[in-house]
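Survey of secondary and tertiary structure
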Protein chains: 2
Amino acid sequence: MTITLYELGGKDGVRHCPFCWRTLMALHHKGFDDFLRVPVYYRDRTPIAFSRQKRVPVLVDGDRWINDSWEIADYLESTYPDRPTLFGSEIGRAQAEFVSAWIQGIRKPGLTEILLWDAFEHIDPEDRAWWRADREPRFGRLEDFRHGRDERTLAWRERLAPLRLVLSQKPFLAGPVPAYADYIVFGDFQWARCISTAELVPSDDPIYAWRERMLDLFDGIARRAPNEA
Amino acid sequence: MTITLYELGGKDGVRHCPFCWRTLMALHHKGFDDFLRVPVYYRDRTPIAFSRQKRVPVLVDGDRWINDSWEIADYLESTYPDRPTLFGSEIGRAQAEFVSAWIQGIRKPGLTEILLWDAFEHIDPEDRAWWRADREPRFGRLEDFRHGRDERTLAWRERLAPLRLVLSQKPFLAGPVPAYADYIVFGDFQWARCISTAELVPSDDPIYAWRERMLDLFDGIARRAPNEA
């Protein structure tokens, strides 16, 4: 069995894409820890040209390929049903989509604006012209996001209330052990951790303790990732 | 088998408590449609004195009683595992708590303020003095909520974004068929429907279509409930 994960490549080898982190954690959850990780850069998508689309993550498993983090999670769950479950049930799968919709709602707008300047600085230097031309029509001048990060972070932190409430009562969003819903939310936190010194949550926040538990999973794969913290 | 549900009683027999609606829908989901419904009023909790606490819903099943809508859902799921599942799996159970935490976050503050005056008007008249004395220290003068409902509703509607997103893609929060996560959210909508003419969502909103589907469930038990619509 040969698995390859194509993921976004950043400056100095840092892989910070939140959706790629969902897939990375899902692969480890399913017990895969020996797979190839191939960076794909904004300026050159030829490594994933075989998938006839331009977005990462893309997973190759033997002679099959799958793109889109949700499709990959479904593929792993249905192809390897005897390995630890990502969703628990069809209901769990559907409810994980709600978790994803929720985190999406506080990412755009929200975390994206907190991290926009940091993200620019962590784009591979050769990708920066592409990225600026792509992002500025949507967000305005990138330099305008160099300041105000702390205020934006404080406002964003309030919006984490439902996550905080459930994590004050149990170790993971999915219960006593983590599952895909945890990786969905963790992807955003890990994105921030890889590229920014922003203190998203204080150390006495139940979300902070949860993130520590997530960083410890799978022999600390996420903790060992290059980061700014 | 004799099941009795003790639920909040309101004016003219209207039962509007959102947590009691969670339990009502869960009972029907589990295939129970022949149970006794007993109203409990704020001013007199003696009907549930046996439970040694003062909150509804309380479920009596044969010689057992259970209070708290979560405890009741867990009881139904574990006692009747061969009937349709409320959670699907332990992961589904945990993630339903996230849905509950989310709706709680937009209820207080949020829907509660939209409905506060309507709620007062639908309290059983003999309960009103008790209710005013209980609520005004928390919310301020009830009469201040007679106006501004439409503006509050428009603001609240925006906060439904994650629910709207998932319901634009599938019929129920739990997938192709409803489960407890749906009843959690529906409880709040049914509370509003029973006591208020507020148009929470417009008819072209995917949430509106979902609510229609919920109202159709179980031979229209929720649609037939006395309401203000």
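Below is a short write-up of the structure.

Calculation criteria
- Residues numbered from 1 in each chain as written.
- Chains lettered and ligands numbered in written order.
- Predicted model: local features only at pLDDT ≥ 70, side-chain atom pairs only at ≥ 80, totals over all residues.
- Heavy atoms only, no water.
- Helix = DSSP H or I, 4+ residues; strand = E, 2+ residues; numbered from the N terminus.
- Rg over C-alpha atoms; globule rule 2.2 N^0.38 Å.
- Buried < 20%, exposed > 50% of the residue type's maximum accessible area, 1.4 Å probe, protein only.
- Contact = heavy atoms within 4.5 Å.
- Areas by Shrake-Rupley, 256 points an atom, 1.4 Å probe, with all protein chains shown as cover.
- Lys, Arg positive; Asp, Glu negative; His and termini not counted.
- Charge placed at Lys NZ, Arg CZ, Asp CG, Glu CD.
- Pairing = 2+ DSSP bridges.
- Axes fitted to C-alpha atoms, helices over the stretch in contact; angles between N-to-C directions.
- Salt bridge = Lys/Arg side-chain N within 4 Å of Asp/Glu carboxyl O.
- Least-squares fit on C-alpha atoms with pLDDT ≥ 70 in both.
- Core = buried A, V, L, I, M, F, W, Y, C linked by side-chain atoms within 4.5 Å.
- Expected span 1.5 Å × (residues − 1).
- Bend = angle between axes of the 7 residues up to and from the residue.

1. Some thoughts on the overall build of chain A
Broken down by element type, chain A carries eight helices and four strands. The order of α-helices and β-strands along chain A, N terminus first, is β-α-β-β-β-α-α-α-α-α-α-α. Against the compact-globule benchmark of 17 Å for 229 residues, chain A has a radius of gyration of 17 Å, which places it among compact chains. In chain A, buried positions account for 56% of the 229 residues. Of the contacts formed within chain A by residues at least 6 apart in sequence, a portion of 69% connects residues at least 24 apart. Total accessible area computed for chain A in this model is approximately 10000 Å², and 49% of it derives from carbon and sulfur atoms. Averaging the positions of the 32 positive and the 36 negative side-chain charges in chain A gives two centres separated by 2 Å.

2. Some points on the sheet that holds strand S3 (residues 58-61) of chain A
All names here are of chain A. Reading across from one edge, S2-S1-S3-S4 is the order of the four strands in this open sheet, with mixed pairing throughout. With partners counted over all chains shown, the strands left at the sheet margins are strand S2 (36-40) and strand S4 (64-67), one partner each. Within the sheet, the average angular offset between the axes of one strand and its neighbour, ignoring direction, is 20°. As paired elements, strand S1 (residues 3-8) and S2 share five bridges and run parallel to each other. Bridging across to S2, threonine 4 finds its partner in leucine 36. Sheet contacts for helix H1 (residues 18-29): S1, S2 and S3; angle to S1, the most-contacted strand, approximately 155°. Each of S3 and S4 is contacted by helix H2 (residues 69-79), which is oriented at about 135° to S4, the strand it contacts most.

3. What about the pattern of salt bridges?
Residues and elements named next belong to chain B. Applying the stated criterion across every chain, the model contains 38 salt bridges over all chains. Close ionic contact of aspartate 205 with arginine 164 constitutes a salt bridge, the shortest N to O distance being 2.9 Å. On the criterion of sequence distance, the pair formed by aspartate 205 in the loop between helix H7 (180-195) and helix H8 (206-220) and arginine 164 in helix H6 (residues 161-167) is long-range, its members being 41 residues apart. A residue is classified by how much of its surface remains accessible, and aspartate 205, at 6% relative accessible area, is buried.

4. Some remarks on the relation of the copies chain B and chain A
Each copy of the sequence occupies a distinct position, and chain B is placed on chain A by a rotation of 180° and an axial shift of 0.0 Å, giving an RMSD of 0.0 Å. Here the symmetry operator amounts to a two-fold rotation axis. When C-alpha distances to the rotation axis are compared across chain B, the minimum falls at glycine 92 of chain B, with a value of 2.2 Å. By residue overlap, the copies meet face to face through one surface: 100% of the interface positions of chain B are interface positions in chain A.

5. A few points about the nonpolar core
Of all hydrophobic cores here, the largest spans 150 residues; its most connected members are Leu76, Leu163 and Phe189 of chain A together with Leu76 and Leu163 of chain B. Residues within four places of leucine 76 of chain B in sequence aside, it is in contact with Ala26, Leu27, Lys30, Phe32, Leu59 and Leu86 of chain B. Tyr6, Ile48, Val58 and Val60 of chain A belong to the second-largest nonpolar core, a separate cluster that totals five residues.

6. Here's the deal with helix H3 (residues 90-122) of chain B
Residue and element names in this part refer to chain B. The end-to-end C-alpha distance of H3, which contains 33 residues, comes to just 37 Å, noticeably less than the 48 Å that a straight helix rising 1.5 Å per residue would cover. Of all the bends in H3, the greatest, near 60°, is centred on arginine 107, and the proline proline 109 appears no more than four residues after it. For H3, a buried count of 27 out of 33 residues is recorded, marking the element as mostly surrounded by other parts of the structure.

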